[in-house]
Amino acid sequence: MKLLIVAVGLRVPDWAQTAWDDYAKRFPPELKVELKAVKTEPRGSKTLPTLYAAERQRIEAAIPRGTRIVVLDERGTNLTTQALATRLTSWQLGGDDVALVIGGPDGLEPEFRQAAHERIRLSDLTLPHAMARVLLIEQLYRAWSINANHPYHRE
């Protein structure tokens, strides 16, 4: 199974890339993690629907057909780490690859959010996008470690 993280925004600070790389290499071969960063639509004088449509097109182009789509959304289901571990097991048993989508500065197009298979939230706090990427991959690794009885997670 593959976890595909699709994130709007091509550049992140060095610390975020270093943290991402560190967690990404920890995953076992049977659970691959891949990041596909897509270009943020330049804001300028464009309307919000125009921005959403351009970013949605890039997001959809990055996700292979048949992939389960899970969007990160501030109004999504709030999960504990243990609940994320249970969800990860469910995704693995389902057999499909999973794309977790992080929106751009204005979030994700409402229709895209609603069409997703699932909507989850990382925090009640508003997070910078670079921090969201790092938090997401750390929590996915932690979820895997719980399921694998790896000592990374401690109760």
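Keep in mind the model is a prediction, meaning the values are calculated, not measured. (Residues numbered from 1 in each chain as written. Predicted model: local features only at pLDDT ≥ 70, side-chain atom pairs only at ≥ 80, totals over all residues. Heavy atoms only, no water.)

Side note on the nonpolar core
Right, on to step 1. If you look at the biggest cluster of nonpolar residues, it comprises 27 residues, and the most contacted ones within it are Leu3, Ile5, Phe27, Trp91, Leu100 and Leu140.
Right, on to step 2. With seven residues, helix α5 (residues 129–147) is the single largest residue contributor to this core.
Right, on to step 3. With 14 residues, the next largest nonpolar core counts Val8, Val71, Val101 and Leu108 among its residues. (Core = buried A, V, L, I, M, F, W, Y, C linked by side-chain atoms within 4.5 Å. Buried < 20%, exposed > 50% of the residue type's maximum accessible area, 1.4 Å probe, protein only. Helix = DSSP H or I, 4+ residues; strand = E, 2+ residues; numbered from the N terminus.)

Some points on the UniProt feature "binding site: S-adenosyl-L-methionine" (unreviewed entry) in the protein chain
Right, on to step 1. Mapped onto this numbering, the UniProt entry annotates "binding site: S-adenosyl-L-methionine" (unreviewed entry) at Leu72, Gly103, Leu122, Ser123, Asp124, Leu125, Thr126 and Leu127.
Right, on to step 2. One can find leucine 125 in the loop between β5 (118–121) and α5.
Right, on to step 3. On the basis of relative accessibility, which here comes to 62%, the residue leucine 125 falls in the exposed class.
Right, on to step 4. Counting through the fold element by element, threonine 126 comes out in the loop between β5 and α5.
Right, on to step 5. What makes threonine 126 exposed here is its relative accessible area of 76%. (UniProt positions renumbered as here; feature names shortened; annotations may be inferred.)

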